[in-house]
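Structural features, examined
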Amino acid sequence: MAKQSLISMRPETRGLSYDLPAASLIFGFILDDIISMELLPGQMISETALAQQFGVSRTPVREALIQLSNIGFVEVLPQRGTYVSKFSMEKILEARFIREALEVAVVSQLATNSNEAIRLEAVEACEKIIADQKAAAAEDDALTFQNLDDHFHQTLASFTQYPRVASFIEAEKAHMDRVRNLSLHVSGQYKRVLNQHAAIIKAIKAGSADKSAAAMSVHLKDVYNILEVIPHEHPEYFI
């Protein structure tokens, strides 16, 4: 995980604002590495090594790790060090329950929105995202594909015009992101996700709340089906 000094890093490297404090920049970089599985569950994180890699003192690194600990991505063990948090099946299943309830409501509301212009704008925006996902899948770029998947769901939520909905969905899916990144390399997973996204948008475009809800439910259940495989393939990643 070789990093440049913050002095020489370009702000566009990972979409982070160069105006942010060093701790916030480092937070974003480490979080990306955790989600992309460059930093594995249970792996030790050295403050000193990170400070050297980023070309900063240990203080902003420590601040970044505290932020990551607060949202459950790292675990600080007294006298032992800091480690990337392992997967918690309990948290993942709880997130699945909450996400499905919210996202089924989102697509149902969009499909029946009396303002056809808003519905068609949402459809057009999501169709563009699906096209970008196809390009990422062709390159087997799992992280970009996953980021676009997030963008797809956030875009749908944003068109409900309820600002808190998108933030709730984002918060609940956070601990599934790493598992999703692993699952995208499973044979046929890209194609399944793309087909499911297309089915959701087709139903919204047709104005069918029932079909939209059913398509979203199928999509989210399929995403979590990988949980039947990953714990057996990587038991060391789970608590």
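These figures come from a predicted structure and were not determined experimentally. Residue positions are given per chain, counted from 1 along the sequence in the order it is written. pLDDT decides what is reported in this predicted model: residues at 70 or higher carry local features, side-chain atom pairs at 80 or more are listed and counted, and totals for whole chains, interfaces and linings draw on all residues regardless. To obtain the side-chain values, all non-hydrogen atoms of the structure were used and water was disregarded.

**Some points on the pattern of salt bridges**
Let me state the cut-off plainly: Should a side-chain nitrogen of Lys or Arg be within 4 Å of a carboxyl oxygen of Asp or Glu, the pair is scored as a salt bridge. Numbering of helices and strands runs from the N terminus, with a helix taken as a DSSP run of H or I at least four residues long and a strand as a DSSP run of E at least two residues long. Throughout, exposure labels follow a simple rule: accessible area from a 1.4 Å probe, protein chains only, divided by the maximum for the residue type, with under 20% read as buried, over 50% as exposed, and the rest as partly exposed.
Taken as a whole, this structure holds 5 salt bridges when the rule is applied. Here Lys 221 ties to Glu 100 by a salt bridge, and the two come within 2.7 Å at their closest N and O atoms. Residue Lys 221 is found in helix H10 (residues 209–225), and its partner Glu 100 is found in helix H4 (residues 89–111); the two are separated by 121 residues along the sequence. When its relative accessible area of 17% is taken as the criterion, Glu 100 is described as buried.

**Focus on the packing of helix H5 (residues 116–138) against helix H6 (residues 142–158)**
Rule in force here: Only C-alpha atoms enter the line fits that serve as axes; for helices the fit covers just the stretch in contact. Angles between N-to-C directions range over 0 to 180 degrees. Throughout, the term roughly parallel applies to angles under 35 degrees, roughly antiparallel to angles over 145, roughly perpendicular to angles from 65 to 115, and oblique to all others. We call two residues contacting when some pair of their heavy atoms lies within 4.5 Å. Classification convention: Asp, Glu, Lys, Arg as charged; Ala, Val, Leu, Ile, Met, Phe, Trp, Tyr, Cys, Pro as nonpolar; all other residues, Gly among them, as polar.
Packing of H5 against H6 brings their axes to within 9 Å, and their N-to-C directions diverge by 170°. Relative to H6, the element H5 is oriented roughly antiparallel. Of H6, the residues touching H5 (which contributes Ala 125, Cys 126, Ile 129, Ile 130, Asp 132, Gln 133, Ala 136 and Ala 137) are Thr 144, Phe 145, Leu 148, Asp 149, His 151, Phe 152, Thr 155 and Leu 156. A per-class count over the contact of H5 with H6 returns 10 nonpolar, 4 polar and 2 charged.

**Quick look at the confidence of the model for the protein chain**
So the rule is basically this: pLDDT is a residue-level measure of predictor confidence that goes from 0 to 100.
Looking at the protein chain as a whole, the pLDDT averages 85, with 89% of positions reaching at least 70. A low-confidence stretch, residues 4–19 stays under pLDDT 50, and its non-local contacts, those more than four residues away or across chains, total 28 contacts.

**Quick word on the packing of aromatic side chains**
This is how it is decided: Put simply, two rings from Phe, Tyr or Trp (the six-membered ring, in Trp's case) pair if the centres are within 6.5 Å, and we call them stacked under 30 degrees between planes, edge-to-face over 60, tilted for the rest.
All told, the structure shown has 4 aromatic pairs when counted by the stated rule. Taken together, a centroid distance of 5.9 Å and an interplanar angle of 80° make the contact between Phe 29 and Phe 54 edge-to-face. One end of the pair, Phe 29, is in helix H1 (residues 22–35); the other, Phe 54, is in helix H2 (residues 47–54), and 25 residues separate them in sequence. An angle of 65° between the planes, with centres 4.8 Å apart, marks the rings of Phe 145 and Tyr 190 as edge-to-face.

**What to know about the environment of Ala 206**
Mapping Ala 206 onto the fold places it in helix H9 (residues 189–206). Distance from Ala 206 to Thr 112, taken between C-alpha atoms, is 9.5 Å for residues 94 residues apart in sequence.

**Examining the side chain of Arg 119**
To keep things clear, this is the line we draw: Under the counting rule used here, the positive set is Lys and Arg, the negative set is Asp and Glu, and His together with the chain ends is not counted.
Position of Arg 119 relative to the elements: it lies in helix H5. For the buried Arg 119, which has no salt bridge, the nearest side chain bearing the opposite charge is Glu 116, at an N-O separation of 4.1 Å. Every residue in contact with Arg 119, bar those within four places of it in the chain, is listed here: Leu 110, Ala 111, Asn 113, Ile 204, Lys 205 and Gly 207.

**A few points about H2**
To be explicit about the condition: Relevant arc is that of directions from the helix axis to the C-beta atoms, nothing else.
By the burial criterion, the buried members of H2 are Glu 47, Leu 50, Ala 51 and Phe 54. Projected down its long axis, H2 shows its buried positions confined to an angular sector of 100°, all on one face. Check the buried side of H2 and you find it contacts H1, strand S1 (44–45) and helix H3 (58–70).

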